[in-house]
Amino acid sequence: MSVNITFLGGTGTVTGSKYLVQHDGKKLLVDCGLFQGYKPLRLRNWNPMPIHAADIDAVLLTHAHLDHSGYLPLLHRQGFRGRVHATPATCDLCAILLPDSGHIQEEDAAFLNRHGYSKHTPALPLYSKHDAIVSLNLLHPEAMGKTFSPIPGWKATFSSAGHILGAASILLEVAGRRILFSGDLGRPDDLVMNPPDLPPDADTVLIESTYGNRTHPQDDVLAELAPALKRVASRGGVAVVPVFAVGRAQALLYAISFLKARGDIPRSLPIFLDSPMAVHTTELLPRHPDAHRLDDQALHTMKHIATMVETPEQSKALAKRHGPMVILSASGMATGGRVLHHLAHYLPDHRNMVILTGYQAPGTRGDTLAKGGTTVRIHGQDVAVQAEVVQLQSSSAHADAAQLINWLKHMKHAPNQIYVVHGELEAADAMRQRIERELKWRAVVPEHGSTWPT
């Protein structure tokens, strides 16, 4: 009997990763992510999946970012009762991210209802904080590098992917087939995270392509960040830094601690981390020392370089302060969270600055800012963009095109098939072409909803 993969997300886009593997009546879902960005993509989150959730036997997560894990509360609400296998750090992060995601959705819906900004009466959250908390009972930690059986007769093994705490590539073995899911691959030169493990041999590979058509600049994030922060500090402005609460927030704190220690930016420049999720994630780093490069001294310095903001009252109080100061706040693509309130408050002033720190998916507010938009829509209102917008080119947590190819080159034998996923169409097709041209391997970019053999 054949082993097939149905691409339910993460194709033609960097969000919504869901890959359904089927064999002999058994069904396993690799990743369970939310769609983000353009409204047609976000609307997919509200559509029922083309398979009954109760018919899925197990779920494997590559990592905890919401575009890979954020649909779990809905899957549980729709009837899934199997196990969700993930690394211990991914389980720890999901316990932070998923309830926070539900809470933010409830807050945003309440805000829209309170001010009458929604076309829906009432506006509803996709799921609640309670939905998310209940879904955490599905999580089942599996050690990195240890083979386990998610379904009788199936084997799976996590290997480190770098990227963020707990991020993994997955080797799935079923019916004599070896299927490798790259997950989101980190950079070998990341400031905080260890480099990805080398890939095992496989018959079929699903390779991410977020930066499939780009190469990261040679300058590091310190060289890019220092002049931007010096500039905004010199004019007494406020730098609002949308950060991914898991990964980039910690890397930016570490970079800022470096710059202050070297005297590249004023040591007196106030730094605020306004994201409970990012605060709690920062506190997780010491619990997983094997997953990152930082020693105890670096962890201590990073934790104390910023004022940790947790309560809504503390967050609102920031608006009463005068610059200069730096506010790091989630989410990284400005799709939700407290950063929206800061952007609405600070964008109209030319003294201020917005620093974008990672990939901005098309259709997100971060993408609008990166492309020079003169207004951005926040909570139903058009906010004028007068602040300076800086997009860091060197701070991404994803491997670039050359690093992805180099990772694949470490496979001892050529796979039979490569599926290029988790990239916008231009990036994914550029990666497909490089694989075919440089490695001479078969590669395709699957369409959303399509089913392919392994």
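This text follows the structure it describes.
Here the residue index of a chain counts from 1 through its sequence in written order. Thresholds applied to this predicted model are a pLDDT of at least 70 for local features of residues and 80 or more for the giving and counting of side-chain atom pairs; totals over whole chains, interfaces and linings are not thresholded and use all residues. With hydrogens and water stripped out, all remaining heavy atoms of the structure feed into the side-chain values.

Peer 1: Explanation requested: the layout of surface pockets in the structure shown.
Peer 2: Here the idea is plain: a probe the size of a water molecule rolls over the atoms and shows the empty space left. Put simply, the second largest pocket is a space of about 760 Å³. Lining the second largest pocket we find 30 residues, and of these Glu107, Pro312, Gly337, Arg338 and His341 sit closest to its centre. When contributions to the lining of the second largest pocket are tallied by element, the ones reaching two or more residues are helix 4 (88-115), helix 8 (276-284), helix 10 (312-317) and helix 11 (339-346). Each helix corresponds to a stretch of at least 4 residues labelled H or I by DSSP, and each strand to a stretch of at least 2 residues labelled E; elements are numbered beginning at the N terminus. Sort the elements by how many residues they give to the lining of the second largest pocket and helix 4 lands first, with 11 residues. By residue class, the composition of the lining of the second largest pocket is 12 nonpolar, 10 polar and eight charged. A cavity here means a set of points on a 1 Å grid, drawn over the protein atoms and nothing else, where a 1.4 Å probe fits but cannot get out; a pocket is an open set with protein on both sides within 12 Å along at least five of seven lines, and a residue lines either one if it has an atom within 4 Å of a point. Grid points are joined across faces, edges and corners, and a volume is the space filled by probe spheres set on the points. All residues other than Ala, Val, Leu, Ile, Met, Phe, Trp, Tyr, Cys, Pro, Asp, Glu, Lys and Arg, Gly among them, are scored as polar; the first ten of these are nonpolar and the last four charged.

Peer 1: Would you explain the pattern of salt bridges in this entry?
Peer 2: Opposite charge on two side chains permits them to pair, given that their charged atoms come into close proximity. One speaks of a salt bridge when a side-chain nitrogen belonging to Lys or Arg is within 4 Å of a carboxyl oxygen belonging to Asp or Glu. On inspection of all chains with the given rule, the structure shows 16 salt bridges. Between Arg178 and Glu173 there is a salt bridge, with its nearest N and O atoms 3.2 Å apart. What you see here is one network of salt bridges that share partners, running through Arg231, Arg235 and Glu388.

Peer 1: Any chance you could explain the sheet that holds strand 13 (residues 307-309) here in plain terms?
Peer 2: Pairing in this open sheet of six strands is parallel, and the strands run 13-12-14-11-15-18 from one edge to the other. The outermost strands of the open sheet, each flanked by one partner alone, are strand 13 and strand 18 (388-391). The sheet shows a mean angle of 20° between the axes of neighbouring strands, taken without regard to direction. As paired elements, strand 12 (residues 271-274) and strand 13 share three bridges and run parallel to each other. Its bridge partner being in strand 13, Leu273 is matched across the sheet by Met308. Whether two residues touch is decided by their heavy atoms; if any such pair falls within 4.5 Å, the residues are in contact. For helices, the fitted axis covers only the stretch in contact; all axes are lines through C-alpha atoms, and the angles between them, taken along N-to-C directions, range from 0 to 180 degrees. Helix-sheet contacts for helix 6 (residues 221-234) involve strand 11 (238-242), strand 14 (325-329), strand 15 (353-356) and strand 18, and the interaxial angle to strand 15 is about 165°. Pairing between strands is defined by DSSP: at least two bridges between the two strands are required.

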